[in-house]
Amino acid sequence: KQEVTQIPAALSVPEGENLVLNCSFTDSAIYNLQWFRQDPGKGLTSLLLIQSSQREQTSGRLNASLDKSSGRSTLYIAASQPGDSATYLCAVYPQRDAGGTSYGKLTFGQGTILTVHP
Amino acid sequence: DGGITQSPKYLFRKEGQNVTLSCEQNLNHDAMYWYRQDPGQGLRLIYYSQIVNDFQKGDIAEGYSVSREKKESFPLTVTSAQKNPTAFYLCASSTSGGARGFFGPGTRLTVL
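All of these numbers come straight from a predicted model, not from anything done at the bench. (Residues numbered from 1 in each chain as written. Chains lettered and ligands numbered in written order. Predicted model: local features only at pLDDT ≥ 70, side-chain atom pairs only at ≥ 80, totals over all residues. Heavy atoms only, no water.)

Student: Please explain the environment of phenylalanine 102 of chain B as it appears in this structure.
Tutor: All names here are of chain B. As for its position among the elements, phenylalanine 102 is in strand β10 (residues 102-103). Owing to a relative accessible area of 36%, phenylalanine 102 belongs among the partly exposed residues under this scheme. Residues phenylalanine 102 and glutamine 41, spaced 61 residues apart in sequence, show a C-alpha to C-alpha distance of 20 Å. If sequence neighbours within four positions are ignored, phenylalanine 102 has contacts with Ile4, Leu27, His29, Cys91, Ala92 and Ser93. (Helix = DSSP H or I, 4+ residues; strand = E, 2+ residues; numbered from the N terminus. Buried < 20%, exposed > 50% of the residue type's maximum accessible area, 1.4 Å probe, protein only. Contact = heavy atoms within 4.5 Å.)

The structure is reproduced here in structure tokens:
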């Protein structure tokens, strides 16, 4: 059974720091990996999706990498801002079955709670 | 705007009652999902549906039921058999290939 672990569980940094959030998964047979942001009491906002054939994706100050063979992904946030404060969730999609779909059945990590203080 | 809507935002239930959470999407996605989120835990899959009139149990389906009569709608009923229903419930959808998930804003259910 796939298990996803995120380290650290919580992180508090001063504004302007570059930071790295870690995600590891036990079964390397994944289809995609997706990073989400969740603000308190809100739904999930997709940040980056990395397909299994890719090694990284970038969006603005965010960069996510994927190393399938070692079961790891990292989310790099450059020049952090107070508005980046949120919970960041990593989720993996299983490989497609014989029918050609992974059904989108995500397995989530427990999240990293990020606080960026001015 | 295309997206997923969930209602109500907050829901209170007395013990022994069944309640139904609504999820509607206008993204023309084939697949829909229900997840449950508890404090300090990641999301866990309750039920999912790949096509209309078909659905499968996820990891924690006991005490829940769903229906998928229309492509756009995937309501979740929390029954009295669910022992600890207080949680944040998130609905999601994806294309049939399941390559990317889109999430609704969530419903917070509290048992009084």
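Student: Would you explain the state of the cysteines in this entry?
Tutor: Structurally, a disulfide amounts to a covalent bond that connects the sulfur atoms of two cysteines. All names here are of chain B. Applying the stated criterion across every chain, the model contains two disulfides over all chains. The disulfide that involves cysteine 23 links it to cysteine 91, with 1.9 Å between the sulfurs. When the S-S torsion is -75°, as for the bridge of cysteine 23 with cysteine 91, the disulfide is left-handed. Here cysteine 91 lies in strand β9 (residues 87-94) and cysteine 23 lies in strand β3 (residues 19-25), a separation of 68 residues in the sequence. The residues cysteine 23 and cysteine 91 share a single accessibility class, namely buried. (Disulfide = S-S within 2.5 Å.)

Student: I would appreciate a short explanation of the pattern of salt bridges in the present structure.
Tutor: Working definition: two side chains of opposite charge can pair if their charged atoms are close together. One pass over the structure, following the stated rule, counts five salt bridges over all chains. Here arginine 37 of chain A makes a salt bridge to aspartate 39 of chain A, at a shortest N to O gap of 3.0 Å. In this structure arginine 37 of chain A comes out as buried when scored by relative accessible area, which is 18%. On the accessibility criterion, aspartate 39 of chain A (27% relative accessible area) is partly exposed. Linking arginine 44 of chain B and aspartate 38 of chain B is a salt bridge whose minimum nitrogen-to-oxygen distance equals 2.7 Å. Relative accessible area serves as the criterion here: at 30%, arginine 44 of chain B is assigned to the partly exposed category. The buried category is assigned to aspartate 38 of chain B, whose relative accessible area is 11%. One network of salt bridges, in which partners are shared, links Arg36, Asp38 and Arg44 of chain B. (Salt bridge = Lys/Arg side-chain N within 4 Å of Asp/Glu carboxyl O.)

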